Each structure stands twice: as structure tokens, then as C-alpha cells.
Amino acid sequence: MNTVRHTPAPSRPLLSALCAASLLLLSACGKADEGAVPAQASQVAAKVGSSEISVHQINQVLSRTPLNANSKEAVQSASRQALERLIDQQLAVDQATEQKLHRSPDVVAQLEAARREVLARAYLQQVMTAIAQPSPDEIRTYYKEHPALFSERRVFNLQEIRVVKAGPVMDQLQAMANEGRRIEEVADMLRGKGLVFGGGSATRTAEQLPLDLLPRIHALKDGQSLVVPARDDATFIRVASSRQIPLNEQDASAGIAKYLGNLRAAEAVSNEIKRLRAATTVTYVGEFEQAAATPGETASTAPASVTEEPKKDEPSVLERGIQGLK
């Protein structure tokens with residue numbers, strides 16, 4: 001066995017999952033009381049055999065249900081639906097208990113996994129609630145430093161072509177982008193070379209574009225293009241047209257505050273996990289002991305074959321916008 005005191009930082013996928021969980025938790029923060037059913041004297045909403053369903057259980061369901069909290073009718077309807085679901089659930093739970101399914105190894109393992117997830121989520125929530133919210137000065141600074149998102153915000157009509165195994169034509173693609181060639185000419189060139197490609201067009205606001213790509217697209221005028229390499233592949237992006245729709249600081253402030261708060265929460269969770277790993281003895285056993293010795297090693301992704309078309313369900317460069325300011 002290999003025992004280490006200061007283990008490497010968690011892998012990117014793990015941190016990403018943790019950060020994603022933290023953002024979901026942050027977005028849910030403060031919504032638990034929206035649409036809540038007023039507490040009743042008995043706190044009991046229904047009895048199912050010898051079991052009781054409480055108003056608190058209904059409110060827990062409502063806290064995870066999107067609804068118009070300003071509409072009394074909507075809240076009442078959602079409450080009744082939640083209660084009926086809880087009744088159905090309790091009936092199934094009673095039968096499972098009667099048949100002693102709660103003692104089966106698989107169910108016991110699932111219950112323990114759910115318990116671990118709830119506890120971990122509760123701790124991450126505690127970490128996030130302790131962070132300071134963005135100040136007005138920070139919000140104002142972010143607004144000024146990102147004109148492409150706000151004061152100079154544009155809506156783009158973009159055309160793209162995704163090329164598989166673009167290495168042999170990368171220089172030609174770049175030359176055609178510099179020359180302002182039409183998207184049809186690029187497609188004809190690729191077709192003549194026998195290369196596999198796919199594409200389409202889309203209308204994207206500035207905030208729907210990846211932040212690392214936005215400055216490059218923002219710098220383009222209508223009719224201009226750029227090439228974005230991605231390992232062996234490449235994406236040719238052309239700005240067919242655009243129009244400017246600026247967003248003033250007042251209208252943008254709420255979105256900026258939420259976005260900066262989410263980033264801060266993700267960073268807080270990541271740092272806390274790193275701290276806990278550094279302070280805790282982690283022992284890798286068996287086949288995982290060797291993997292722990294090479295923490296930087298990650299699973300490689302096999303390159304697409306020459307005849308493979310871009311996956312239809314795989315997001316394109318333009319579809320991977322963060323939309324973090326919504």
C-alpha cells in the first residue's frame with residue numbers, strides 16, 4: 001500500500017464536477033422558501049396508513065420545483081401535486097419495507113451513497129455561504145473590462161464549418177479566412193479534398209459565446225472569418241452579419257453579480273477540496289496504487305477516424321457558450 005500525506009490536487013474532472021455541483025447549489029440558494037406552503041398547526045398534510053406526510057416534506061418538493069411563487073393558485077396546485085406524489089411514494093416505501101427490500105445489499109449501498117451525497121452537498125453549501133458577495137466596485141470593474149459583453153455587445157449571425165482531421169488544410173483554411181472567402185467556397189474546397197466536415201449557422205449573443213473566443217469574434221467585422229483549431233480538427237467561423245445591442249451597467253449588474261458569485265463559489269469549493277486533501281492521509285490500494293503514482297495521467301481520447309463525421313449531438317465551438325451572465 002502506498003500512503004501519502006500530501007496528495008496531488010484532484011483531477012480536473014473531479015474539480016469540475018464539484019464546482020458544477022457548487023454552482024447548482026448556489027443557484028438554488030435562497031429559493032427554499034419560494035412558494036412554500038404556510039405552516040399549519042398540525043404540520044401534517046396527510047396520513048398514509050400509519051405514516052404521516054408533513055407540510056415540511058411538501059415544501060422540500062416545492063423548493064426543487066420551478067413555479068410562480070406570486071400566484072397563490074399556482075402554489076396551491078403545485079402543493080397538491082407534490083402531496084399526491086409523496087403519497088404514491090409512501091405507498092411504495094411501505095411495500096418495500098414490508099418486503100424487507102431496505103435490507104438488500106444493493107438498496108443498502110444506494111442509501112449510503114445518497115447519504116454521502118447529501119452530507120457532501122451540505123458541507124459545500126456551508127463553504128459557499130461563507131464567501132463574500134461581489135462588491136459594487138467589483139461589478140463596475142468587470143463591466144468596464146468586458147466591453148464586448150456589455151457596452152459594445154453585439155448579436156452575431158455566425159456560420160461555421162467543423163473539419164475532421166484538418167491538419168493537411170490548416171494553412172489553406174487560415175488563408176481563406178484572411179481573404180474573407182465565403183463559407184460556400186470553404187465547403188467546396190473541403191469537398192474537393194475529400195475531407196469530412198459538417199456545419200451550419202446560428203444567431204448568438206455575445207454572452208452565448210465562450211469567453212476565450214469572444215474577443216476574437218468581437219474583433220471581426222461582418223464578412224470576416226477566423227479558424228479555431230481543436231487537436232486534429234478545426235472550426236472555420238464566419239461573421240455573416242451582426243448588430244450592436246449594448247447593455248448598460250445598471251441592467252447588467254444583477255447578471256454580473258450572479259456570475260462573479262458563481263465563480264467565487266466554484267473557487268472556494270475547489271480550494272477547500274485541495275485543502276482537505278492536503279490535510280488528510282489518503283491511501284491508495286491495489287490497482288489504484290499505481291495510478292496514484294502518476295496523477296498527471298489522464299484518459300486519452302482516441303482521434304476521430306478519417307471517415308467519421310462530427311457527432312450531431314456533440315456541441316460545436318459556437319454551442320459551448322457559457323451563458324453565465326443570464
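Residue positions within a chain follow its written sequence, with the count starting from 1. Local features in this predicted model are restricted to residues whose pLDDT is 70 or higher, and side-chain atom pairs enter the listing and the counts only when it is 80 or higher, whereas totals over whole chains, interfaces and linings include all residues. Each side-chain value is derived from all of the structure's non-hydrogen atoms; neither hydrogens nor water enter the calculation.

A.B. asks: Is there a simple way to think about the overall build of the chain in this case?
C.D. replies: Strands here are runs of E lasting at least two residues and helices are runs of H or I lasting at least four, both read from the DSSP assignment and numbered beginning at the N terminus. Per the secondary structure count, the chain includes 10 helices and 8 strands. Contacts are assigned to residue pairs that have any heavy atoms within 4.5 Å of one another. In the chain, the share of contacts with a sequence separation of at least 24, taken over all contacts with a separation of at least 6, comes to 77%.

A.B. asks: Explanation requested: the sheet that holds strand β7 (residues 233–244) in the structure shown.
C.D. replies: Strand pairing in a sheet relies on backbone hydrogen bonds. The paired strands run either parallel or antiparallel. Ordered in space as β5-β4-β7-β6, the 4 strands form an open sheet in which the pairing is antiparallel. Here the strands that pair on one side only, and so sit at the sheet edges, are β5 (197–205) and β6 (225–230). Here the average twist between neighbouring strands, direction ignored, is 20°. Direction of pairing for strand β4 (residues 154–163) relative to β5: antiparallel, over a ladder of 9 bridges. Across the sheet, the residue bridging to R162 is G198, located in β5. Under this scheme, a helix contributes an axis fitted over its contacting stretch, all axes are lines through C-alpha atoms, and angles between N-to-C directions fall in the 0 to 180 degree range. Sheet strands in contact with helix α7 (residues 183–193) are β4, β5 and β7, and its direction is about 10° off that of β4. Each pair of strands is called paired provided DSSP finds at least two bridges between the two strands.

A.B. asks: Explain the pattern of salt bridges here, please?
C.D. replies: Pairing of side chains with opposite charge becomes possible as their charged atoms draw close. Here a salt bridge means any side-chain nitrogen of Lys or Arg lying within 4 Å of a carboxyl oxygen belonging to Asp or Glu. Across all of its chains, the model carries 15 salt bridges by this definition. Between R162 and E160 there is a salt bridge whose closest N-O contact spans 3.9 Å. E179 serves as the salt-bridge partner of R181, at 3.0 Å between the closest nitrogen and oxygen. The network of salt bridges with shared partners includes E179, R181, R182, E184 and E185.

A.B. asks: Any chance you could explain the packing of helix α4 (residues 105–129) against helix α9 (residues 249–279) here in plain terms?
C.D. replies: Running from N to C, α4 and α9 cross one another at 120°; their axes reach a closest spacing of 9 Å. When the interaxial angle is binned, α4 and α9 end up oblique. You can see that α4 and α9 cross each other, and the crossing is right-handed. Residue-level contacts link Y123, L124, V127 and M128 of α4 to A265, A268, V269, E272, R275 and L276 of α9. Residues are grouped as follows: Ala, Val, Leu, Ile, Met, Phe, Trp, Tyr, Cys and Pro are nonpolar; Asp, Glu, Lys and Arg are charged; all remaining types, including Gly, are polar. Per-class residue counts for the contact of α4 with α9 are 8 nonpolar, no polar and 2 charged. Any angle that is under 35 degrees is reported as roughly parallel, and any over 145 degrees as roughly antiparallel; angles of 65 to 115 degrees are reported as roughly perpendicular and all others as oblique. A crossing counts as left-handed when the near helix is turned anticlockwise from the far one by less than a right angle, and as right-handed when that turn is clockwise.

A.B. asks: Any chance you could explain the pairing of strand β3 (residues 51–54) here in plain terms?
C.D. replies: Looking down a regular strand, the side chains alternate between one sheet face and the other. Judged from the 4 bridges that link them, strand β2 (residues 44–48) and β3 form a sheet pairing that is antiparallel. Counterpart to V44 in the pairing with β3 is S54. Linkage of β2 to β3, two consecutive antiparallel strands, is achieved through a turn of 2 residues, within which G49 is found at a positive phi near 65°.

A.B. asks: How do you make sense of helix α3 (residues 72–98) when you look at a structure like this?
C.D. replies: With 27 residues, α3 should cover 39 Å at 1.5 Å per step; its first-to-last C-alpha distance of 39 Å lies within 8% of that length. Looking at the buried residues of α3, the elements they touch are β2, β3 and α2 (55–63). Trailing α3 by a residue or two, K100 shows a phi angle of about 60°, which is positive. Here the expected length of a helix is defined as 1.5 Å per residue gap, with one fewer gap than residues.

A.B. asks: What's the story with unusual backbone geometry in this structure? I'm lost.
C.D. replies: The bulk of non-glycine residues show a negative phi, and the bulk of peptide bonds are trans. We note that K100 has phi near 60°; this positive angle belongs to a residue other than glycine. With a phi angle near 55°, K165 is a residue other than glycine that sits in the positive phi range. Note that K165 resides in the loop between β4 and α6 (170–178). Judged by its relative accessible area of 27%, K165 falls in the partly exposed class. Only protein chains enter the calculation, and the probe is 1.4 Å; a residue is then buried if its accessible area is under 20% of its type maximum, exposed if over 50%, and partly exposed in between.

A.B. asks: What should I look at first to understand the environment of V186 in this one?
C.D. replies: Along the chain, V186 falls in helix α7. For V186, a relative accessible area of 0% translates into the label buried. The spatial distance from the C-alpha of V186 to the C-alpha of F236 is 8.5 Å, given a sequence separation of 50 residues. When sequence neighbours within four positions are dropped, the list of residues in contact with V186 reads I161, L173, M176 and F236.

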